[in-house]
Amino acid sequence: MRLRARLYALIRGFFAERGVLEVETPVLSAAGNTDPNIESFSARFSGHADAGLPLRWLRTSSEFAQKRLLAAGVGDNYELGRVFRNGEAGRRHNPEFTMLEWYRVGWDHMRLIGETVELVRAALALAGRQVEVKKYTYRDLFVSALGVDPFEATDAELHAALGDVRIDAAGLVRDDWLDLLLTHRIQPAFPADCITVICDYPTTQCALAKIRAGDPPVAERFELYVGTQELANGYHELTDATEQRTRFERDNARRRERGVAEVPIDQNLLAALAAGMPACAGVALGIERLLMAMLGTDDIREVLAFPFAEA
C-alpha cells in the first residue's frame, strides 16, 4: 500500500512536469463497452425518470469520457481511477482495478511509446528495478519468434505454429489463432528484465486505432509488457465518427453471433467525434499490473488491500 501511494505521487509529478491535466470522469454511464471480449457490470438507478436513463454501466475504461473532454478543448489529460470488468477474477485479474489513462494532442502512437516507456521505467526504479527495452512491429515479432508472417500465413500454418499447444478450435477465427500464438508461444518467452513493446497490428485488431495505409495496412496500435505481463495498450486514436460507429456496430454483431447481450453504443462519444476531436494518441495502463512488475509477483492479490473474494 505504501508503494502504491509512492507510485501515485510519481505519476502525478510526472504529468505535472509535462503540463498534462488530471481529470475525473463518471464511473457510471448510459453507454457501455461494446468490445465482445469485455463484459461490463450494470446497475439500475431508482430515482426520478427525468434524471436520465435508469440502466447504467460501470466503466471498463475512462476512455470515452476523456475523448469527449478532448473534443471540448481540454487538451492533454490523464485520469487515475477505478474501472470494472465482469467475469475476470484470479491470479492476474480482479473485477475492480485501477487504470491510468492519458491522451496527448498532436502525437501519434510511436511518440507515445517513448513517454509510456519513460513512465514505466521511472516506476520500476522506485522498486530498484532496471530494465532494457525491446521494440518490435507485430509482423517482425512473429517472424523472429516463430518464423511465421502473421499477415501472409495461411490458417493451417498458424495452427501448425502452435506446436504442442492443444486447445478446442471450435468457433475460432484467424485473430483468435494469432492471439493464441502471442499468448501461448511468444509472450511466455519475453525476458524478465525487459520492457517489450509491440506496435502496428493487423487491421482486424484495430479496436479504436487509426489504420495506416500500406502493404499491408496496419492498425496504429501498441502494447507494452514488462517480462511476460501486459501492462499497457495504446492507439493513434481514431477520430472519424462514421468509422467509429461502424466499429461499434460490428462489435455488437459479434456479440449477437456469440449469443451474448448487446451493449448500448456511446452516442455522446460519437457526437464528440463528429464535432471534432483533435488528432491525438492515448494509452491505458493497468496500475495493479505495474505494481506486480515492481514487486516481481504474478499474483494480483498481493498488490490489493482486499481482493475480490474478501471485498
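### Considerations on the overall build of the protein
Next, step 1: Within the protein, the regular secondary structure consists of 9 helices and 12 strands.
Next, step 2: Relative to a compact globule of 311 residues, whose C-alpha radius of gyration would be 19 Å, the protein shows 19 Å and is just as compact.
Next, step 3: Overall, the C-alpha framework of the protein stretches about 60 × 45 × 45 Å when taken along its three principal axes.
Next, step 4: Within the protein, buried positions represent 48% of all 311 residues.
Next, step 5: For the protein, long-range pairs separated by at least 24 residues make up 69% of all intrachain contacts whose partners lie at least 6 apart in sequence.
Next, step 6: Distance from the positive charge centre (36 side chains) to the negative charge centre (45 side chains) of the protein: 3 Å.

### Re the nonpolar core
Next, step 1: In terms of nonpolar packing, the biggest core is built from 41 residues, with Ile11, Phe15, Leu100, Trp102, Val120, Leu224 and Ile287 touching the most fellow members.
Next, step 2: Beyond its immediate sequence surroundings of up to four residues, Val120 is in contact with Ile195, Leu224, Val226, Leu231, Leu285 and Leu290.

### A word on the packing of helix H1 (residues 2–17) against helix H9 (residues 287–295)
Next, step 1: At a closest axis distance of 11 Å, the pairing of H1 and H9 adopts a crossing angle of 115°. For the element pair H1 / H9, the angle class is roughly perpendicular. Here H1 and H9 pass one another in a crossing that is right-handed. Contacts between H1 and H9 involve Leu3, Arg4, Leu7, Tyr8 and Ile11 from the former and Ile287, Glu288, Leu290, Leu291, Met294 and Leu295 from the latter.
Next, step 2: Taken together, the residues of the contact of H1 with H9 break down into 9 nonpolar, no polar and 2 charged.

### Notes on the environment of Pro307
Next, step 1: Mapped onto the elements, Pro307 comes out in the segment after H9.
Next, step 2: Classification of Pro307 as buried rests on a relative accessible area of 8%.

### So, the side chain of Ser40
Next, step 1: Note that Ser40 resides in the loop between strand S2 (28–29) and strand S3 (42–44).
Next, step 2: Under the relative-accessibility criterion, Ser40 is labelled buried at 10%.
Next, step 3: Beyond its immediate chain neighbours, meaning those up to four positions away, Ser40 contacts Asn33, Trp57, Leu58, Thr60 and Asn86.

### Brief notes about the packing of helix H7 (residues 241–258) against helix H8 (residues 267–276)
Each packed pair of helices is defined by two parameters, the angle between the axes and the distance between the axes.
Next, step 1: Put simply, H7 and H8 touch, their axes get as near as 8 Å, and they point 155° apart. With respect to their mutual orientation, H7 and H8 come out roughly antiparallel. Contacts between H7 and H8 involve Ala241, Gln244, Arg245 and Phe248 from the first element and Gln267, Leu269, Leu270, Leu273 and Ala274 from the second.
Next, step 2: Considering only residue class, the contact of H7 with H8 consists of 6 nonpolar, 2 polar and 1 charged.

Scoring rules and cut-offs
Residues numbered from 1 in each chain as written. Predicted model: local features only at pLDDT ≥ 70, side-chain atom pairs only at ≥ 80, totals over all residues. Heavy atoms only, no water. Helix = DSSP H or I, 4+ residues; strand = E, 2+ residues; numbered from the N terminus. Rg over C-alpha atoms; globule rule 2.2 N^0.38 Å. Buried < 20%, exposed > 50% of the residue type's maximum accessible area, 1.4 Å probe, protein only. Contact = heavy atoms within 4.5 Å. Lys, Arg positive; Asp, Glu negative; His and termini not counted. Charge placed at Lys NZ, Arg CZ, Asp CG, Glu CD. Core = buried A, V, L, I, M, F, W, Y, C linked by side-chain atoms within 4.5 Å. Axes fitted to C-alpha atoms, helices over the stretch in contact; angles between N-to-C directions. Parallel < 35°, antiparallel > 145°, perpendicular 65-115°, else oblique. Left-handed = near helix turned anticlockwise from the far one by under 90°. Nonpolar A, V, L, I, M, F, W, Y, C, P; charged D, E, K, R; others polar.

Everything listed here is a matter of geometry and, on its own, says nothing about what the molecule does.
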